[in-house]
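If you want the building blocks of each chain, they are given just below.
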Amino acid sequence: MDYHKINNLSGWICAAIATFIYVLTMEPTTSWWDTGEFIAAAHRMQIVHQPGAPLFLLLQNVFSLLAFGNPERIAYWMNFGSALSSGLTILFLFWTITALVRKMIWQTGTKLTSIGLLQIMGGGAIGAMAYALSDTFWFSAVESEVYAMSSLCTAVVFWAILKWEARADDPGANRWLVFIAYIMGLSLGIHLLNLLTIPALALVIYFRKTTKVTLAGVTKTLLIGCTVLAFILWGIVQYLVKFAAYSDLFFVNTLGMGFGSGVVVFAICVVGALGYGIWYSMQRAKPILNIALVCMGFIIFGYSSFAMVLIRAKANPLLNNSQPDDAFSFLWYLNRGQFGSEPLVSGPYFDSQLIDIKPGSNEYRKGETSYEVAGTDNHPVYDRTTLFPRIYSTRDFHPQGYRAWLGLGEGEQPRPADNLKFLTAYQLGHMYWRYFMWNFAGRQNDQQPLILSYSEGNWISGINFIDQWRLGGQDKLPEAAKTDPSRNAFYFLPLILGVTGLIWQLKRSRMDMAVVGLLFFFTGLAIVLYLNQSPLQPRERDYAYAGSFYAFAIWIGIGAVALADVLKRSWNQRLAVPVAITVGLFAVPVWMGVEGWDDHDRSQKYMARDMARNYLESCAPNAILFTYIDNDTFPLWYLQEVEGVRRDVRVVNLSLLGMDWQVRQMKEPAEGYEALPISMADHQFAKGTRDVLYYHDYGIQDSVELQKLLALLLSDNPSDQLVYSNGDRRNFLPTKNFKLTVNREQVLKHDVVPEKWHDKIVDTMVWTYDHDMVTRSELTLMDILVHNEWKRPIYFTATTPTSQRLGLDDYLVSEGFALRLMPVRARNESGAGHLVNPDNAYENVMHKFTWGNMKDAPYLDPTSYALVGQSLKVFSDTAEMLITEGRREAAKDVVNRAVQVLPERLPLVGLADQYPVLAAQLYELGETDKANALVERNVRFLDEQLAYYAAIAETKPNAEGQAIRDSLVALEQFAFAAEAHGQPDQQRAARGIFDRYRLHFFGS
């Protein structure tokens, strides 16, 4: 038998099966988070957020060509690119497992039996398919994100080092090391995670080349591997560009040459030095130096994919994040300057007070003819610091998260030991081991717990007494939890098989086990230490640890071989091996696929695309739409840039508007998009100028015209600025009382306000600014308000936080999923909520909006369910306004449309407690049967949830307090709605459950 042919064929079969599964379950269009940005950027070769992924974008652009000009299929084919990359990852994982297993069970020079071959191939298939159907990898495999291609790079380099190991004594074997270096260089243009394999690769080289393995040798090798990792991560990725930037600074500012001249000279020097070094190593017969320099050259060659960033940034496309078109902006882009960094060795506590700022090195920006100083790299000084800081804070909301995880009371200071406590409980326990167990033990559900919870997002096993001991309440699981697609129980089977493989490999091949173990550590736990994540993360982060789960999947495959080896001691090997492989196959990858299929099947999921369409369709023609977060921005970019939907709307992300490059771009028209009405000259908001302007109370009682305040904030007159203790001179905000005089003629001319509200137009808009500082984002927003003169409609997405709306809430009118700025009092009588423009909202809800197949999709993720809640609010608010105006038939259309499109399944209390308003409206509009069905369904759900929370509380601390309170409030509101509309059965049911659990939990 030909081992290599069978090995190759078996690997390709596993890859084909995995790819087929991914194609069946992949999302047909864009999804949430970064995919909308990536698809839009790849389609038109644009620049994504830092530090970029140019090779990923180039490859995805190739896949987009398979759409053959159909814009609605471009996202599908880019998702296919991820599916194919993931399938190829499984191919190389299979070959990696079989290579490791073969070394342990097939002695060189002996004949490989068919049973031995089955054992090797079976182990490879079980391990590879277990990873293929693991939660984290499957999730990334079906969307256009970087992690699928990044995993492929990791798989290729680890497979390649085993190919080198098998051929290390052959002539030309080092070409495998060069190949690895090139793949690593290319992977820099996708994601940096691949670099974390380097220490494991170094250990393979040491074990293969040394004649005697020693602890000192292993330690030295690991130090060398970590040094090489650091050299590439900082020396090549960052300092190579930094040296080029400062060379350009010298050539431009000192020698008076053109921009880029220093970069060219530096590049020539680097290439020349590398070429000379390689020639020298050949002439002097220095093989180690030679291979090191050749590998370095190929890493840099692969890294050159980032030239795409500079080239396309020069073209100034619409999506041009950071505009990295010169040496220093490119350096800032690569260093992720927009996101900051986390302290690792020494840093503050979350409650430390800033006492000083020490200036560091100068930062530069490109001027007209030379580089200009844009400020300094400041270093804050705090009153309390600690070594190994784990509980620092960069956001106002972080302290409450730290206190919750550490059990600290308000005002109680953290201690040094709390760093280790937080590392253990949150960063390791919650943000790594929980994800690990999701993949190899089971998952409770996909709801993200921001603080400790026994009912959200935990790992489970499916074994009742274990889950009861850990989480409580298992005998009272509500029906919604039992049928939740995201609930997966693996009964520890993948974990047991993986641990078995680890132990078996440790006994059979300690060196290989050390290599796989090092890969497991550096792509998992080491990332935890490096990222130093804060609490209250906006999304789950398990994708960062896919490499670690990849390593564990190797042990799963070896575990299947170990199981066969154990059975052979009691059974005939011709029976033992097939039984072990069959049991392993069905108990692990097949079962993982069965359990995970429903929550990974995105084939009918259109929520991200359709909600983005709803945001855009909420806007009048030629509108300016302010967004804030990824999920109300990136899908909109996708729709506009790929499918060409509503390109008349200029989408402005307020988070990015705090950057000078974004303001510059918004000042100019771009590819069919009109420029924003921004009057500021570039030098007035350039980096280092007016980054932050502080409020100083001058005791001004009356409201001040916004135009005058803007002039003061932009004034270069020293008399309009304050001198700070460090010598800085800055503009300042003297009052928070703003007003904007309304030009009624302009308002009427541009149809800003519906005709029936013309008598409600105010002469002056008066409001209170709600911050103690003005960032570049707020400054630009003020400029737009002053100079727009009502010519273009201005909107904020409904999901934009109130804190980001400049205090304008009193003048924001809902027209669906966006709030329009109008010079009318837009608060309702209670002071809560927004006025609704019923004509536009009705037209949008009934004829323009699409609903993402939310009712029939087999699976909706938490982000989608949050938008279900937002959709419910749009329906209810629109219907309420129509009822107020006496337009009952139109209101009935709206509530019936809500019943028609909203999903019946209730996954969480946070959604159920939004339904009482809709129920009351259905009752009022004569849809009693539908209202009763809605009430009964929700009350039954809340009853089961409260019984579950009560059961948890019997053995666990009450961590579900907010959900309990929300459930009781919802029950009471359902009871009120039923009672008010003469439905005693529904009222008694809701009231009875409310009274019972209020007494149970609160005693009154």
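In this text the structure is predicted, and so the values were computed from the model without any measurement.

Thresholds, definitions, all that
Per chain, residue numbering runs from 1 following the sequence as it is written. In view of the model being predicted, local features appear only for residues whose pLDDT reaches at least 70, and side-chain atom pairs are presented and counted only at 80 or more, with totals across whole chains, interfaces and linings using the full set of residues. Hydrogen atoms and water are omitted, and side-chain values are computed over all heavy atoms in the structure. The secondary structure listing takes helices from DSSP runs of H or I that are at least 4 residues long and strands from runs of E that are at least 2 residues long, numbered from the N terminus. Here's how the labels work: a residue is buried when its accessible area is under 20% of the maximum for its type, exposed when over 50%, partly exposed in between, all with a 1.4 Å probe on protein chains only. For every accessible area listed, the method is Shrake-Rupley and the probe measures 1.4 Å; residues are considered covered only by the protein chains on display. His is not counted here, nor are the chain ends, while Lys and Arg score as positive and Asp and Glu score as negative. For charged residues, the charge sits on one atom: NZ in Lys, CZ in Arg, CG in Asp, CD in Glu. Grouping buried Ala, Val, Leu, Ile, Met, Phe, Trp, Tyr and Cys residues that are joined through side-chain atoms within 4.5 Å yields what is termed a nonpolar core. Contacts: residue pairs with any heavy atoms within 4.5 Å of one another. Whether two strands pair comes down to DSSP finding at least two bridges between them. For this analysis, a salt bridge means a side-chain nitrogen from Lys or Arg found within 4 Å of a carboxyl oxygen belonging to Asp or Glu. For Phe, Tyr and Trp, rings pair up if their centres lie within 6.5 Å, where Trp contributes its six-membered ring, and each pair is then called stacked (planes under 30 degrees apart), edge-to-face (over 60) or tilted (otherwise). Counted as over-ring charges are cases with an Arg CZ or a Lys NZ within 6 Å of the ring centre that also lie within 35 degrees of the ring normal. How far a helix is expected to stretch is found by multiplying one less than its residue total by 1.5 Å. Polar contacts here mean pairs of N or O atoms no more than 3.5 Å apart (in protein, one a potential hydrogen donor and the other a potential acceptor; neighbouring residues in sequence count only if both atoms are side-chain atoms). In this description, a disulfide is simply a cysteine sulfur pair whose atoms lie within 2.5 Å. Note on definitions: angles span 0 to 180 degrees between N-to-C directions of axes, and those axes are lines fitted to C-alpha atoms, for helices only across the stretch in contact. For cavity detection a 1 Å grid was placed over the protein atoms alone, and a set of points counts as a cavity when a 1.4 Å probe fits there but cannot get out; an open set counts as a pocket when protein lies on both sides within 12 Å along at least five of seven lines, with lining residues being those that have an atom within 4 Å of a point. Grid points are joined across faces, edges and corners, and a volume is the space filled by probe spheres set on the points. Patch members must show over 30% relative accessible area and no salt bridge, and they are joined within 9 Å when carrying like charges or within 5 Å when they are nonpolar side chains of Val, Leu, Ile, Met, Phe, Trp or Tyr. An angle below 35 degrees is treated as roughly parallel, one above 145 as roughly antiparallel, one from 65 to 115 as roughly perpendicular, and anything else as oblique. Each helix crossing is assigned a hand: it is left-handed if the near helix lies turned anticlockwise from the far helix by less than a right angle, otherwise right-handed if that turn is clockwise. Classification convention: Asp, Glu, Lys, Arg as charged; Ala, Val, Leu, Ile, Met, Phe, Trp, Tyr, Cys, Pro as nonpolar; all other residues, Gly among them, as polar.

**Observations concerning the overall build of the protein**
(1) Moving on: Helices and strands together make up the secondary structure of the protein, namely 38 helices and 20 strands.
(2) Moving on: Its C-alpha atoms put the protein at 95 × 80 × 60 Å along the principal axes.
(3) Moving on: Counting over 1004 residues, the protein shows a buried share of 58%.
(4) Moving on: Summing over all exposed atoms, the protein offers an accessible surface of approximately 41,100 Å²; the carbon and sulfur share of this is 58%.
(5) Moving on: Of the side-chain charges in the protein, 86 are positive and 97 negative, and the distance between the mean point of each set is 9 Å.

**A word on the nonpolar core**
(1) Moving on: Membership of the largest hydrophobic core comes to 281 residues, with the highest contact counts inside it found for Tyr22, Ile90 and Leu902.
(2) Moving on: Per-element accounting of this core gives the leading share, 16 residues, to helix H4 (residues 74–105).
(3) Moving on: Residues contacting Leu902, with those up to four places away along its chain left out, are Met854, Lys855, Val868, Ser871, Leu872, Phe875, Tyr915 and Leu918.
(4) Moving on: Listed in part, the 55 residues of the second largest apolar core include Val704, Leu740, Leu821 and Met822.

**As for the side chain of Ser534**
(1) Moving on: Here Ser534 is to be found in the loop between helix H21 (525–531) and helix H22 (546–567).
(2) Moving on: What makes Ser534 buried here is its relative accessible area of 8%.

**Some remarks on the sheet that holds strand E16 (residues 764–768)**
(1) Moving on: In spatial order, the strands read E12-E15-E16; together these three strands make up an open sheet with mixed pairing. Each edge of the sheet is formed by a strand with only one pairing partner; in this case those strands are strand E12 (704–705) and E16.
(2) Moving on: For strand E15 (residues 737–741) and E16, the ladder comprises five bridges, and the chain directions are antiparallel. Within E16, the residue paired with Lys739 across the bridge is Val766.

**Quick notes on the pattern of salt bridges**
(1) Moving on: One pass over the structure, following the stated rule, counts 40 salt bridges.
(2) Moving on: Among the salt bridges present, the one from Arg443 reaches Asp135, with a minimum N-O distance of 3.3 Å. With a gap of 308 residues between them, Arg443 in strand E7 (residues 442–443) and Asp135 in helix H6 (residues 135–141) connect regions that are remote in the sequence.
(3) Moving on: A residue is classified by how much of its surface remains accessible, and Arg443, at 6% relative accessible area, is buried.
(4) Moving on: In this structure, the salt-bridge partner of Asp351 is Arg384, at a minimum N-O distance of 3.2 Å. Remark: Arg384 occurs in the loop between strand E5 (379–382) and strand E6 (385–387) and Asp351 occurs in the loop between strand E1 (346–348) and strand E2 (354–358); sequence separation between them is 33 residues.
(5) Moving on: Each of Glu27, Glu143, Arg602, Lys605 and Asp861 takes part in salt bridges that share partners, so that together they form one network.

**Describing the packing of aromatic side chains**
(1) Moving on: In total, this model carries 65 aromatic pairs according to the counting rule given.
(2) Moving on: Pairwise contacts between aromatic rings join Tyr432, Trp433, Tyr435, Phe436, Trp438, Phe440, Phe520, Tyr545, Phe549, Phe552 and Trp555 into one cluster.
(3) Moving on: Between Arg602 and the ring centre of Phe139, over which it is positioned, the NZ or CZ distance is 4.3 Å.

**Digging into helix H1 (residues 3–25)**
(1) Moving on: Its 23 residues give H1 an end-to-end C-alpha distance of 33 Å, which sits within 8% of 33 Å, the value for a rise of 1.5 Å per residue.
(2) Moving on: Every buried residue belonging to H1 is among Tyr3, Asn7, Ser10, Gly11, Cys14, Ala15, Ala18, Thr19, Ile21, Tyr22 and Thr25, and all of these are buried.
(3) Moving on: Next to the buried residues of H1 lie H4, helix H5 (114–132), H6 and helix H23 (573–600).
(4) Moving on: Taking the backbone nitrogen of His4 as reference, a side-chain oxygen 3.1 Å away marks Asp2 as the first, capping residue of H1.

**A short note on the state of the cysteines**
(1) Moving on: This model, assessed by the stated rule, comprises zero disulfides.
(2) Moving on: Unpaired in this structure, Cys226 has its nearest cysteine sulfur neighbour in Cys295, at a distance of 18 Å.

**Side note on the sheet that holds strand E13 (residues 721–723)**
(1) Moving on: As summarised here, the arrangement of the four strands in space is E13-E14-E11-E17, forming an open sheet in which the pairing is mixed. Looking along the sheet, the strands with just one partner apiece sit at the ends: E13 and strand E17 (773–775). Strand-to-strand, the axes of this sheet are offset by a mean angle of 45°, without reference to chain direction.
(2) Moving on: Judged from the three bridges that link them, strand E11 (residues 692–695) and E17 form a sheet pairing that is antiparallel. Following the sheet pairing, Leu693 is matched in E17 by Val774.

**Observations regarding unusual backbone geometry**
(1) Moving on: Here the amide bond leading from Gln50 into Pro51 is cis, since omega sits at 0°, within 30 degrees of zero.
(2) Moving on: As for its placement among the helices and strands, Pro51 is situated in the loop between helix H2 (35–44) and helix H3 (54–64).
(3) Moving on: Unlike most non-glycine residues, Phe68 shows phi in positive territory, near 50°.
(4) Moving on: Positionally, Phe68 belongs in the loop between H3 and H4.
(5) Moving on: Phi is positive for Arg690, close to 55°, though the residue is something other than glycine.

**Some thoughts on empty space enclosed by the protein**
(1) Moving on: With the rule as written, the count across this model stands at four cavities of 30 Å³ or more.
(2) Moving on: When its volume is computed, the largest cavity comes out at roughly 150 Å³.
(3) Moving on: Lining the largest cavity are 15 residues; nearest its centre among them are Leu318, Leu319, Trp637, Gln662 and Met666.
(4) Moving on: Among the secondary structure elements, those contributing two or more residues to the lining of the largest cavity are helix H25 (634–643), strand E10 (650–653) and helix H26 (660–666).
(5) Moving on: The biggest single contributor to the lining of the largest cavity is H26, with four residues.

**Overview of the environment of Tyr949**
(1) Moving on: Checked against the element boundaries, Tyr949 lands in helix H36 (residues 928–955).
(2) Moving on: Separated by 462 residues in the primary sequence, Tyr949 and Arg487 have C-alpha atoms spaced 18 Å apart.

**Remarks on a nonpolar patch on the surface**
(1) Moving on: On the surface, Trp234, Tyr239, Phe243, Leu344, Val345 and Tyr530 cluster together into a nonpolar patch covering about 620 Å² of accessible area.
(2) Moving on: It is helix H10 (residues 215–254) that contributes the most residues to the nonpolar patch, three residues altogether.
(3) Moving on: Within the element layout of this structure, Tyr530 appears in helix H21.

**Side note on the pairing of strand E4 (residues 371–376)**
(1) Moving on: Pairing geometry for strand E3 (residues 362–366) and E4, over four bridges, is antiparallel. Bridging from a neighbouring strand, Arg365 pairs with Glu372 of E4.
(2) Moving on: Turn length for the E3-E4 hairpin, with the two strands adjacent in sequence and antiparallel, is four residues.

**Thoughts on the side chain of Ser618**
(1) Moving on: Its place among the elements puts Ser618 in the loop between helix H24 (607–617) and strand E9 (624–627).
(2) Moving on: On the basis of relative accessibility, which here comes to 2%, the residue Ser618 falls in the buried class.
(3) Moving on: In this structure the side chain of Ser618 is engaged in a polar contact, spanning 2.9 Å, whose partner is the backbone nitrogen of Phe817.
(4) Moving on: If we skip the residues at most four places from it in the chain, Ser618 touches Tyr795, Glu815, Gly816, Phe817, Ala818, Asn844 and Phe849.

**Quick look at the environment of Gly886**
(1) Moving on: Along the polypeptide, Gly886 turns up in the loop between helix H32 (862–884) and helix H33 (888–901).
(2) Moving on: Taking the relative accessible area as the measure of exposure, Gly886 reaches 52% and is therefore exposed.
(3) Moving on: Distance in space between the C-alpha atoms of Gly886 and Tyr182 is 70 Å, their sequence separation being 704 residues.

**Digging into the layout of surface pockets**
(1) Moving on: Roughly 1,000 Å³ of volume is contained in the second largest pocket.
(2) Moving on: Taken together, 29 residues line the second largest pocket, and the ones lying closest to its centre are Leu177, Ile205, Val228, Ile291 and Ala292.
(3) Moving on: Breaking the lining of the second largest pocket down by element, the ones donating at least two residues are helix H7 (146–167), helix H8 (175–187), helix H9 (198–209), H10 and helix H12 (287–303).
(4) Moving on: For the lining of the second largest pocket, the element with the most residues is H12, which contributes eight residues.

**A word on the packing of helix H16 (residues 416–440) against H22**
(1) Moving on: Across the interface, H16 lies against H22 with an axial gap of 11 Å and an inter-helix angle of 40°. Overall, the two elements H16 and H22 adopt an arrangement that is oblique. Of the two elements, H16 crosses H22, and the hand of that crossing is right-handed. On the side of H16, the interface is formed by Tyr432, Tyr435, Phe436, Asn439 and Phe440, while H22 contributes Ser548, Phe549, Phe552 and Ile556.
(2) Moving on: Taken together, the residues that form the contact of H16 with H22 break down as seven nonpolar, two polar and no charged.

**Topic: the environment of Phe634**
(1) Moving on: Inspection of the secondary structure assignment puts Phe634 in helix H25.
(2) Moving on: Relative accessible area serves as the criterion here: at 7%, Phe634 is assigned to the buried category.
(3) Moving on: For Phe634 and Arg609, which are 25 residues apart along the polypeptide, the C-alpha to C-alpha distance reads 9.9 Å.
(4) Moving on: When residues no more than four places from it in sequence are discounted, the contact partners of Phe634 are Trp33, Asp34, Gly36 and Glu37.

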